[in-house]
Amino acid sequence: MSNAIWEALAATPLPEVRRRAAVMDELAEVGPVTVTGAHRLAWNDGGGQSAVWYFAQDGRALLLTFDHEATLNLYAEEDFDLQEFFYQGVPESLVALVRDRPENYESLNLTDSATGRTLHYAGGVFWYDGTRWHVSDGLADHCRREEVDLFGESGFDYCLGAYRFGQDFTPESVVAARDEEGCYKDGEGKAADLAAVREIFARHG
């Protein structure tokens, strides 16, 4: 299962993953959230795509990605059973972080019509066992069976691009990427944003 961003994430120490997640959370103006047993950090692009990280107190982590235009958008299908299957292989103590929880901008709920229980939707479900990252068994099985591009259609590639795993992650690199996207009208606006981004990085040094 070869994927450059996946391999870069796997090679990044968890403290650095968490630092980048904290910076991106603040850049996206999401705001960190403490849930029972974990700390939630997230990013969204304002258009429906998101990455959500749960860093558990025991050193494990859960990562959910979502791209509303991708094949693995289960919210559009309202397919609770398949969404449940995507979490197969993830320890239940991590799944509990997103089961029967209030929904939010990054994670709406799918509801089991038979029981009324809910689960946060996600096109991609990935988890860290304290040593290494895993793709959930259910997601991997589904993509293999349906011949779906796992990293592309789960939103993983798009949503984790801004975290620049395997690349420099600095205020300058963030602002340069924004500049390439045409975010600035002039040099003055770019300079002001660079100063603001530097302050954010300084808070998460």
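Let me sum up the structure you'll find in this document.

Cut-offs used in this document
- Residues numbered from 1 in each chain as written.
- Predicted model: local features only at pLDDT ≥ 70, side-chain atom pairs only at ≥ 80, totals over all residues.
- Heavy atoms only, no water.
- Helix = DSSP H or I, 4+ residues; strand = E, 2+ residues; numbered from the N terminus.
- Rg over C-alpha atoms; globule rule 2.2 N^0.38 Å.
- Buried < 20%, exposed > 50% of the residue type's maximum accessible area, 1.4 Å probe, protein only.
- Contact = heavy atoms within 4.5 Å.
- Areas by Shrake-Rupley, 256 points an atom, 1.4 Å probe, with all protein chains shown as cover.
- Lys, Arg positive; Asp, Glu negative; His and termini not counted.
- Charge placed at Lys NZ, Arg CZ, Asp CG, Glu CD.
- Core = buried A, V, L, I, M, F, W, Y, C linked by side-chain atoms within 4.5 Å.
- Pairing = 2+ DSSP bridges.

1. Considering the overall build of the protein chain
For step 1, the next point in the chain: Across its full length, the protein chain carries 10 helices and 8 strands.
For step 2, the next point in the chain: Computed over C-alpha atoms, the radius of gyration of the protein chain comes to 17 Å, within 12% of the 17 Å expected from 2.2 N^0.38 for 205 residues, which places it in the range of a compact globule.
For step 3, the next point in the chain: If one aligns the C-alpha atoms of the protein chain with their principal axes, the spans along those axes are about 55 × 35 × 35 Å.
For step 4, the next point in the chain: The proportion of buried residues among the 205 residues of the protein chain is 49%.
For step 5, the next point in the chain: If you take every contact in the protein chain between residues at least 6 apart in sequence, the share linking residues at least 24 apart comes to 59%.
For step 6, the next point in the chain: Carbon and sulfur atoms provide 47% of the accessible area of the protein chain, an area that totals close to 10,000 Å².
For step 7, the next point in the chain: Of the charged side chains in the protein chain, 17 are positive and 36 negative, and the gap between their average positions amounts to 7 Å.

2. Details of the nonpolar core
For step 1, the next point in the chain: With 66 residues, the main nonpolar core has Leu9, Trp53, Phe126, Trp133 and Leu160 as its most contacted residues.
For step 2, the next point in the chain: Of the residues forming this core, the biggest block, 7 residues, is contributed by helix α2 (residues 14-27).
For step 3, the next point in the chain: Not counting chain neighbours up to four residues away, the residues in contact with Leu9 comprise Val17, Trp53, Leu63, Trp133, Phe156, Leu160 and Phe165.

3. Thoughts on the pairing of strand β7 (residues 124-128)
For step 1, the next point in the chain: Buried residues dominate β7, accounting for 5 of its 5 residues.
For step 2, the next point in the chain: Both faces of β7 are covered, namely the face carrying Gly124, Phe126 and Tyr128 and the face carrying Val125 and Trp127.
For step 3, the next point in the chain: Note that strand β4 (residues 61-66) and β7 share 5 bridges and pair antiparallel. Across the sheet, Ala61 pairs through a bridge with Tyr128, a residue of β7.
For step 4, the next point in the chain: Sheet analysis places β7 next to strand β8 (residues 133-135), joined by 3 bridges and oriented antiparallel. Within β8, the residue paired with Tyr128 across the bridge is Trp133.
For step 5, the next point in the chain: Once β7 ends, the chain turns through 4 residues before running back antiparallel as β8, passing Gly130 with a positive phi of about 105 degrees.

4. Here's the deal with unusual backbone geometry
For step 1, the next point in the chain: Here the phi dihedral of Asp100 falls at roughly 55 degrees; this positive angle occurs in a residue that is not glycine.
For step 2, the next point in the chain: As for its placement among the helices and strands, Asp100 is situated in the loop between α5 (92-95) and β5 (109-111).
For step 3, the next point in the chain: Positive phi values are uncommon outside glycine, yet Arg164 reaches one of about 55 degrees.
For step 4, the next point in the chain: Topologically, Arg164 is positioned in the loop between α8 (156-161) and α9 (171-180).

5. Let's talk about the side chain of His142
For step 1, the next point in the chain: Along the polypeptide, His142 turns up in helix α6 (residues 137-146).
For step 2, the next point in the chain: For His142, a relative accessible area of 10% corresponds to the buried category.

6. A closer look at the pairing of β4
For step 1, the next point in the chain: Extensive coverage of β4 is indicated by the burial of 6 of its 6 residues.
For step 2, the next point in the chain: Of the strand pairs in this sheet, strand β3 (residues 50-56) and β4 are connected by 6 bridges, and their pairing is antiparallel. Looking at the pairing, Ala51 lines up with Thr65 of β4.
For step 3, the next point in the chain: In sequence, β3 turns back onto β4 through a hairpin of 4 residues, with Gly59 there showing a positive phi of about 95 degrees.

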